[in-house]
Amino acid sequence: MKPIRFSLHAEERLAARKLRHSTIEQVVRNPEQIVPDEDDINRQIHQSLIEESGKQKLLRVIVEEDSSEIVVITVYSTSQITRYWK
């Protein structure tokens, strides 16, 4: 199993959004969906539905993966589920 590394930007987003590393790691390893990043062919978006403040949200984790590790670039949650759910 490849290690997961968080970029500085991802660490800042985790703190600002009060998200846990364990939650992000779970989405990275077991996403409900993986979609390509249309802006960067080297990146994928791992996403899963979560409950946040009593509301259903979509947690999106943008990652780059190579032969040795998975790097979390950024994370965010959105209520615009139908916009991103494939």
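The structure this text deals with has already been given above.
Residues numbered from 1 in each chain as written. Predicted model: local features only at pLDDT ≥ 70, side-chain atom pairs only at ≥ 80, totals over all residues. Heavy atoms only, no water.

**Student:** I'm lost on unusual backbone geometry in this one. Help?
**Tutor:** The general pattern is negative phi for most residues beyond glycine and trans for most peptide bonds. Unlike most non-glycine residues, Lys 18 shows phi in positive territory, near 55 degrees. Locating Lys 18 in the fold gives a position in the loop between α1 (8-17) and α2 (21-29). With phi around 55 degrees, Ser 53 is a residue other than glycine that occupies positive phi space. Checked against the element boundaries, Ser 53 lands in the loop between β3 (43-52) and β4 (55-65). (Helix = DSSP H or I, 4+ residues; strand = E, 2+ residues; numbered from the N terminus.)

**Student:** Help me understand the pairing of strand β5 (residues 70-78), please; the structure alone is not making it clear to me.
**Tutor:** Consecutive residues of a regular strand have side chains that alternate between opposite faces of the sheet. Most of β5 is tucked away: seven of the nine residues are buried. Both strand β1 (residues 4-6) and β5 contribute to a ladder of three bridges, which runs parallel. Looking at β5, one finds that Phe 6 is bridged to Val 72. Strand direction decides the pairing type here: β4 and β5, joined by eight bridges, are antiparallel. Counterpart to Val 61 in the pairing with β5 is Val 75. (Buried < 20%, exposed > 50% of the residue type's maximum accessible area, 1.4 Å probe, protein only. Pairing = 2+ DSSP bridges.)

**Student:** How do you make sense of the side chain of Asp 37 when you look at a structure like this?
**Tutor:** Position of Asp 37 among the secondary structure elements: in the loop between β2 (33-36) and β3. Salt bridges are absent for the buried Asp 37, whose nearest opposite-charge side chain, Arg 43, sits at 5.1 Å. For Asp 37, the side chain forms a polar contact with the main-chain nitrogen of Asp 39, separated by 2.9 Å. Those residues within four positions of Asp 37 in sequence are excluded, and the remaining contacts are Arg 43, Gln 44, Ile 45 and Ile 62. (Lys, Arg positive; Asp, Glu negative; His and termini not counted. Salt bridge = Lys/Arg side-chain N within 4 Å of Asp/Glu carboxyl O. Polar contact = N/O pair within 3.5 Å; in protein donor to acceptor, adjacent residues only side chain to side chain. Contact = heavy atoms within 4.5 Å.)

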